[in-house]
Amino acid sequence: MTTATYAAERARATAAPTLPVLRFDPSKEGAERWLGPTEAAIMEIVWAAERPITVKAIWREIEREYRELAYTTVMTTMERLAEKQLLDRRRPIGSSAYVYSARETRAQFIERQAAAIRASLEDE
């Protein structure tokens, strides 16, 4: 990776994300307030990893900590989280597997969602 490429990628990673505001269910806990159970489990694992992580690593962790899921279900859910701009996806040089990382921390995600709820209440 060239210095210019690294600098551009770093600037993108540290820029304020323009991520979507999601639905809110106050009867749920944690990330499930905004995400489905599988999406929330995946995001919790990604946030805990603090480094890029593969679908296989996520799948193994879900099987160990949460419940049995098909590998393809985890892969599809992670692709959808990337489409929702909650995860970044890239393929390292020389690897056939994508790695995923969170676009924002858990605290940033919760704060952004809470700010959207506050703003929607102020608009009325």
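Residues numbered from 1 in each chain as written. Predicted model: local features only at pLDDT ≥ 70, side-chain atom pairs only at ≥ 80, totals over all residues. Heavy atoms only, no water.

Trainee: Looking at this model, I keep getting lost on helix 4 (residues 71-83). Mind explaining?
Mentor: Three- or four-residue spacings in an α-helix give side chains the same orientation, since the helix completes a turn every 3.6 residues. An ideal rise of 1.5 Å per residue puts 18 Å on 13 residues; helix 4 measures up with 19 Å between its terminal C-alpha atoms. Looking only at helix 4, the buried set comprises Val 74, Thr 77, Met 78 and Leu 81. Buried residues of helix 4, viewed axially, fall in a sector of 100 degrees; they line one side. In this structure, the buried side of helix 4 is in contact with helix 2 (37-49), helix 3 (55-65), strand 2 (87-90) and strand 3 (99-102). Downstream of helix 4 by a residue or two, Gln 85 has a phi angle that is positive, lying close to 65 degrees. (Helix = DSSP H or I, 4+ residues; strand = E, 2+ residues; numbered from the N terminus. Expected span 1.5 Å × (residues − 1). Buried < 20%, exposed > 50% of the residue type's maximum accessible area, 1.4 Å probe, protein only. Arc of directions from axis to C-beta. Contact = heavy atoms within 4.5 Å.)

Trainee: Would you mind going over the sheet that holds strand 3 with me for this structure?
Mentor: Pairing between the strands of a sheet is mediated by backbone hydrogen bonds and can be parallel or antiparallel. Read across the sheet, 3 strands follow the order 1-3-2 without closing on themselves; strand pairing throughout is antiparallel. Of all the strands in the sheet, just strand 1 (53-54) and strand 2 have a single pairing partner and so form its edges. Contacting strand 1, strand 2 and strand 3, helix 2 crosses the sheet at an angle of about 85 degrees to strand 3. (Pairing = 2+ DSSP bridges. Axes fitted to C-alpha atoms, helices over the stretch in contact; angles between N-to-C directions.)

Trainee: What's the story with the packing of aromatic side chains in this structure? I'm lost.
Mentor: Describing an aromatic ring pair means giving the distance of the ring centres and the angle of the ring planes. Following the criterion strictly, the structure yields 3 aromatic pairs and no others. Their ring planes at 50 degrees and their centres at 5.5 Å tell us that Trp 47 and Phe 109 sit as a pair that is tilted. Linking Trp 47 in helix 2 with Phe 109 in helix 5 (residues 106-122), this pair joins segments that are 62 residues apart in sequence. In terms of burial, Trp 47 and Phe 109 fall into one category: buried. Consider the rings of Trp 59 and Tyr 71, whose centres lie 5.7 Å apart with planes at 80 degrees: the pair is edge-to-face. Placement of the pair is Trp 59 in helix 3 and Tyr 71 in helix 4, with a sequence separation of 12 residues. The exposure class assigned to Tyr 71 is partly exposed, which follows from its relative accessible area of 34%. Positioned above the aromatic ring of Tyr 98 is the side chain of Arg 89, whose terminal nitrogen or guanidinium carbon lies 4.0 Å from the ring centre. The ring of Tyr 98 has Arg 91 lying over it, and the distance from NZ or CZ to the ring centre is 4.2 Å. (Phe/Tyr/Trp six-rings, centres within 6.5 Å; stacked < 30°, edge-to-face > 60°. Lys NZ or Arg CZ within 6 Å of the ring centre and 35° of its normal.)

Trainee: Explanation requested: unusual backbone geometry in the structure shown.
Mentor: Among all residues save glycine, negative phi is the norm, and among peptide bonds the norm is trans. Positive phi values are uncommon outside glycine, yet Glu 50 reaches one of about 60 degrees. The topology assignment puts Glu 50 in the loop between helix 2 and strand 1. By relative accessible area, Glu 50 is classed as exposed at 73%. A positive phi angle is found at Gln 85, which is not glycine, with a value near 65 degrees. Structurally, the position occupied by Gln 85 is in the loop between helix 4 and strand 2. Classification of Gln 85 by relative accessible area gives partly exposed; the value is 33%.

On their own, these measurements won't tell you what the molecule is for.
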